[in-house]
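Working through the structure, step by step
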Amino acid sequence: MKKTNFMAVLCAAGIGLGTTIFTGTLDAADDQNAAQTPKIVLPGEGGTKAALTYDYFPDRLHTFIFRNWTLVPQERLAEVLETTPEKVAAIAASMGLPPQGTILPAWGTSRGYITVLRRNWHLLPYDQLLTLLGIDREELRFRLQEDDFLWVKLGWVKPACEKLVYTKPTPETTARAKEIAALLKAELADDTSSEERFTFIDRLKDPSTDIVIPEKSENEDGFELRYIASYFATFGEPLLDPEIESCPEGLLQRLAAAGVNGVWFHTVLRTLVPPTEDFPEFGKDHERRIAGLNKLVQRAKKYGIGIYLYSNEPRSMPAEFFAKEGRESMRGATEGQFSAMCTSDPRVKKWLSDSYEYVFKNVPDLAGVFTITASENLTSCASHWHPGNCPRCSKRTTPDIIAEVNTLIEQGVHRGNPNAKMIVWDWGWQDQFAEEIIRKLPKSCWLQSVSEWNLPIDRGGVASAVGEYSLSAVGPGPRAQKHWKYAQDAGLKTSAKVQVNLSWEFSAIPHLPVLDLVARHANNLSKQHVNGLMLSWSLGGYPSENLSLFQTGSTQDITPEENLKNVAVSYYGEKAAPEVLKAWKAFSDGFAQYPYHGNTLYHGPQHAGPSNPLYLKPSGYPATMVGIPYDDLKAWRSIYPTEVWIRQMTLVRNGFTEGCALFEKAIALMPQDKQQFARTELGQYRAAELHFASCVNQARFTYARDELLALDKAEDAEDKAERGKALITSMKRAAQAEFQTAKDFYPYVKADSSIGYESSNHYFYIPEDIEEKIINCKYILDQLDKM
């Protein structure tokens, strides 16, 4: 029998967070049967929700060419449009775009394709998106599900788009294109310095002889473990990359110099281990992945860094997997088309434990593993707290199942390498089960908890609590302290999960200069006697002064003030340090006013910032998870009244305005060899300031627009005309402010390729998106003048 790759068919209209993709192989009778497989249906395909139109462009054709001109070769654009490259280039030139230069290959890879896909989501149907990206249906389906919930980030819906083909521009569209060209020429300086996108990776790729990794004595206090994600890790298959570009030597060296001694990677266990008698379809290319993992481990070892695996196991599997003879009895709790590999089944237990033994024996210097056993993904029958859905696990308790999964992994890991660390993360655990689970864990385990979770906060008079990750709220919170106490009483070591560089409060620059908040958090944790730190989730892996501060502040022998001063002197020199400290305080005080709520973090406009268009008419689309914010003000502000959300975001912006002025003053006092680095940082901090300013502008515009629309629906409203005039004036002021914000922002994003990048979302925007925003704002202002 031949083998063919197979992935479970996704639901056309939506994929739950609890589903996973099966990437093994299933038997196919022959190639003819494979050829008769029904066409793969992509998520949301055939939907009827109308795509957005962008009236500030001449038409959809011009929009498509403008948005893709610097990302996709004109030959590929012509192929999509069924025309010639010359005709595509002529339209580009009519809008003032320069001749197309060399297109970076990264835009078509797992480092940049999301940027291409997102900007065309409302422009092309699936078949043309496949042509644009140069991939097939199976590959796109896999990416939409497995690339960090990309389908969710795109809004769980594929807008309905007609096929787009080239048509000869009309006199009207040609005239509008000419206006766009004139506008951009008039508003944007020609001499703005420019850096090619992704260049920041080159700056971090190679080791530097100027970097010194400080030695740490065995008797020195501090956090024993300090591990983080790679700043520019790619999703998909990083271990199949011969060069392991997700974690180059230069980045490892810089992380080590900042106090990091561990880097974690996401893997799927069945891809790392050989086939077994029970699971012969697992393990394709596992030898290559193990070889890649060994290469990465040895590379990191040179810099005193250990590699840790993220374990979210055993992954659920599709119905076809359990249809094989003898497997029905191992089918556990079911969600949609996927079921758990029941860990009450002896075969699953053996495979889970033996697999970790195999990995740790075959990668002998692998430092450890951390587990999440109650994540969005369905794993064990108790992972989503419904073991009663399984005939075997219904007879067991939830704590027993969760503790057993971790025990099986621990046993395998330590049979493979007795010195490896086994870190159990309580993410998603229900509090009523935590104490019992912790008590049942092997004594060699570490217990990890999100430091600031459940921390009470008050922002602008609105009381709430931290729901997940935060830089603006200084932990630890009551949940973590309680769980650490359970662990310490049980004889386990403990680890704090923190965000030191960034969080989903804002993620579009390498790190936030809120070092007063970071220093206080480090000092607070030193008093908790935690043994280790997880310094980031998938965002925030930049080797910054924030990381250095967290490590040097890990003992009770140093105050936050002393720690801040030492780091300021180390990075910027003795003379500049006082002004730097003032800047950090201004940044921190401003950011502490952030209108924190989970909905704002995941749906607000703070990541897209000045690239997000203003909408003269409601888009009708809800904001998506760190993807496309649209004009969904209700989701942006979450629990906050509009005026409170705007006021709090204004306070954040004001803090960054003040901090930037102080930091710029400090640069003049720095040694010459430190000034260029500091000026690059200042550009990033200015970019953050303008992001927060844009949030304010967008909220004010959208609020006034919605009030105007509500006014239009009112009958016999008193002073309706006067109120309408005032609202239009408010819209104009907000649009004008956003127009200026985009113009101010443009040179920063153009000059620094790190601005706008985040590894799981690729580039939120590129310089051309800010050009589009200028076009958008000018169009809005012209339309408002006619009202």
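Here the structure is shown first, and the text comes after it.
This section reports on the structure supplied with the text.

Parameters at a glance
Residues numbered from 1 in each chain as written. Predicted model: local features only at pLDDT ≥ 70, side-chain atom pairs only at ≥ 80, totals over all residues. Heavy atoms only, no water. Helix = DSSP H or I, 4+ residues; strand = E, 2+ residues; numbered from the N terminus. Rg over C-alpha atoms; globule rule 2.2 N^0.38 Å. Buried < 20%, exposed > 50% of the residue type's maximum accessible area, 1.4 Å probe, protein only. Contact = heavy atoms within 4.5 Å. Areas by Shrake-Rupley, 256 points an atom, 1.4 Å probe, with all protein chains shown as cover. Lys, Arg positive; Asp, Glu negative; His and termini not counted. Charge placed at Lys NZ, Arg CZ, Asp CG, Glu CD. Arc of directions from axis to C-beta. Salt bridge = Lys/Arg side-chain N within 4 Å of Asp/Glu carboxyl O. Pairing = 2+ DSSP bridges. Right-handed = clockwise from strand over helix to strand, strands pointing away. Axes fitted to C-alpha atoms, helices over the stretch in contact; angles between N-to-C directions. Disulfide = S-S within 2.5 Å. Left-handed = near helix turned anticlockwise from the far one by under 90°. Parallel < 35°, antiparallel > 145°, perpendicular 65-115°, else oblique. Nonpolar A, V, L, I, M, F, W, Y, C, P; charged D, E, K, R; others polar. Phe/Tyr/Trp six-rings, centres within 6.5 Å; stacked < 30°, edge-to-face > 60°. Expected span 1.5 Å × (residues − 1).

Some points on the overall build of the protein chain
Scanning the protein chain from N- to C-terminus turns up 27 helices and 17 strands. Taken against the 2.2 N^0.38 rule, which gives 28 Å for 787 residues, the C-alpha radius of gyration of the protein chain at 27 Å falls within 12% of a compact globule. Overall, the protein chain is about 75 × 75 × 60 Å in size when its C-alpha atoms are taken along their principal axes. Out of the 787 residues in the protein chain, the part that is buried amounts to 61%. Pairs at least 24 residues apart make up 78% of the contacts formed inside the protein chain by residues separated by at least 6 positions. Carbon and sulfur atoms make up 51% of the accessible area of the protein chain, which totals about 30100 Å². For the protein chain, the centre of its 85 positive side-chain charges and the centre of its 99 negative side-chain charges are spaced 1 Å apart.

Observations regarding helix α16 (residues 431-440)
Along α16, the residues classified as buried are Phe433, Ala434, Ile437 and Ile438. Take α16 and look down its axis: the buried residues cluster within an arc of 130°, on one side only. Turned more than 90 degrees from where α16 packs its buried face, Gln432 and Arg439 sit exposed.

Details of the side chain of Asn523
Take Asn523: it is sitting in helix α18 (residues 515-526). The exposure class of Asn523 is buried, given its relative accessible area of 9%. Not counting chain neighbours up to four residues away, the residues in contact with Asn523 comprise Gly553, Ile558 and Pro560.

Regarding the pattern of salt bridges
Where charged atoms from two side chains of opposite charge come close, those side chains can pair. Going through the model one piece at a time under the given rule, you end up with 40 salt bridges. Where Glu195 meets Arg203, a salt bridge forms, and the shortest distance between an N and an O atom there is 2.5 Å. According to the relative accessible area criterion, Arg203 is partly exposed, its value standing at 39%. A salt bridge links Glu738 to Lys773, with the shortest nitrogen-to-oxygen separation between them at 2.5 Å. Of the two residues, Glu738 is situated in helix α26 (residues 720-751) and Lys773 in helix α27 (residues 767-785); the sequence distance between them amounts to 35 residues. An identical accessibility class is assigned to Glu738 and Lys773; each is buried.

A word on the side chain of Thr379
If you trace the backbone, Thr379 turns up in the loop between β9 (368-372) and α15 (398-416). Contacts of Thr379, omitting those with residues within four sequence positions, involve Asn312, Glu313, Pro314, Ala340, Met341 and Thr373.

Brief notes about the pairing of strand β5 (residues 306-311)
In terms of residue burial, β5 counts as a mostly covered element, since six of its six residues are buried. Of the two faces of β5, the one lined by Gly306, Tyr308 and Tyr310 and the one lined by Ile307, Leu309 and Ser311 are each fully buried. Note: strand β4 (residues 262-266) against β5, five bridges, orientation parallel. Bridged to Phe265 within β5 is Leu309. Handedness of the β-α-β unit built from β4, helix α12 (residues 286-301) and β5 comes out right-handed. Examined bridge by bridge, β5 and β9 share four bridges and lie parallel to one another. Counted as the bridge partner of Leu309 is Val369 from β9.

So, the sheet that holds strand β7 (residues 331-335)
The strand order β6-β8-β7 describes an open sheet built from three strands, whose pairing is antiparallel. Only two strands of the sheet have a single neighbouring strand rather than two, namely β6 (317-318) and β7. The pairing of β6 with strand β8 (residues 338-341) spans two bridges and is classified as antiparallel. In the sheet register, Met317 faces β8, and the bridge partner there is Ser339.

Considering the sheet that holds β5
The sheet built from eight strands closes into a barrel, its strands ordered β3-β4-β5-β9-β10-β11-β14-β15 with parallel pairing. When the angles between neighbouring strand axes are averaged without regard to direction, this sheet yields 25°.

Examining the state of the cysteines
Following the criterion strictly, the structure yields zero disulfides and no others. Cys445 carries a free sulfur, and the closest cysteine sulfur to it, the one in Cys393, is 20 Å from it.

Considering the packing of helix α14 (residues 346-362) against α15
To describe two helices that pack against each other, one gives the angle between their axes and the distance between the axes. Following both chains from N to C, one finds α14 and α15 inclined at 35°, their axes separated by 7 Å at the closest point. As for how α14 packs across α15, the hand of that crossing is right-handed. Facing Lys349, Leu352, Ser353, Asp354, Tyr356, Glu357, Phe360 and Lys361 of α14, the residues of α15 in contact are Glu404, Val405, Leu408, Ile409, Gln411, Gly412, Val413, Arg415 and Gly416.

Quick word on the packing of helix α25 (residues 672-713) against α26
Packing of α25 against α26 brings their axes to within 8 Å, and their N-to-C directions diverge by 160°. Comparing their axes, α26 and α25 come out roughly antiparallel. The two elements α25 and α26 cross, and the hand of that crossing is left-handed. Here the residues of the contact of α25 with α26 are counted per class, giving 15 nonpolar, eight polar and nine charged.

Looking at the pairing of β8
Side-chain direction in a regular strand flips from residue to residue, so the side chains alternate between the two faces of the sheet. As defined by bridge partners, β7 adjoins β8 across three bridges and the pair is classed as antiparallel. Along β8, the bridge assignment pairs Thr334 with Ser339. Hairpin connection between β7 and β8: a loop of two residues separates the two successive antiparallel strands, and Gly336 in this loop has a positive phi of roughly 60°.

Considerations on the packing of aromatic side chains
For the structure shown, the criterion picks out 45 aromatic pairs. Aromatic side chains Phe279 and Phe282 sit 5.2 Å apart centroid to centroid with 10° between the ring planes, which places their arrangement in the stacked category. Arranged with centres 6.1 Å apart and planes meeting at 45°, the rings of Tyr571 and Tyr572 form a pair that is tilted. A relative accessible area of 21% means that Tyr571 is categorised as partly exposed. A relative accessible area of 0% means that Tyr572 is categorised as buried. Through a chain of ring-to-ring contacts, the aromatic side chains of Phe506, Tyr571, Tyr572, Trp584, Phe587, Phe591, Tyr594, Phe656, Phe663, Tyr685 and Phe692 assemble into a single cluster.

Points about helix α21 (residues 577-591)
A rise of 1.5 Å per residue sets the reference length of α21, with its 15 residues, at 21 Å; its end C-alpha atoms lie 21 Å apart and thus fit the reference within 8%. Listed in full, the buried residues belonging to α21 are Ala577, Glu579, Val580, Ala583, Trp584, Ala586, Phe587, Ser588, Gly590 and Phe591. Elements that come into contact with the buried residues of α21 comprise α18, α20 (560-572), α24 (642-667) and α25.

Concerning the environment of Glu357
The residue Glu357 is located in helix α14 in this model. Setting aside residues no more than four positions away along its own chain, Glu357 makes contact with Gly412, Val413, Arg415 and Gly416.

Considering the environment of Asn120
Inspection of the secondary structure assignment puts Asn120 in the loop between α5 (113-119) and α6 (126-133). Classification of Asn120 as buried rests on a relative accessible area of 0%. For the pair Asn120 and Asn68, spaced 52 residues apart in the sequence, the C-alpha separation amounts to 8.5 Å. Dropping the residues within four chain positions of it, Asn120 is found in contact with Phe64, Asn68, Leu129 and Leu132.

Description of unusual backbone geometry
Of note, the bond from Glu313 into Pro314 is cis; its omega dihedral lies within 30 degrees of zero at -10°. Tracing the chain through its elements places Pro314 in the loop between β5 and β6. Cis peptide bonds are those with omega within 30 degrees of zero, and the linkage from Gly475 to Pro476 qualifies with 10°. Its location among the elements puts Pro476 in the loop between β13 (462-465) and α17 (478-489). The backbone of Val626 shows a phi angle near 35°, a positive value even though the residue is not glycine. Here Val626 shows up in the loop between α22 (598-603) and α23 (633-637). For His762, which is not a glycine, the phi torsion comes out positive at approximately 60°. Note on placement: His762 falls in strand β17 (residues 762-763). Note on His762: relative accessible area 3%, which makes it buried.

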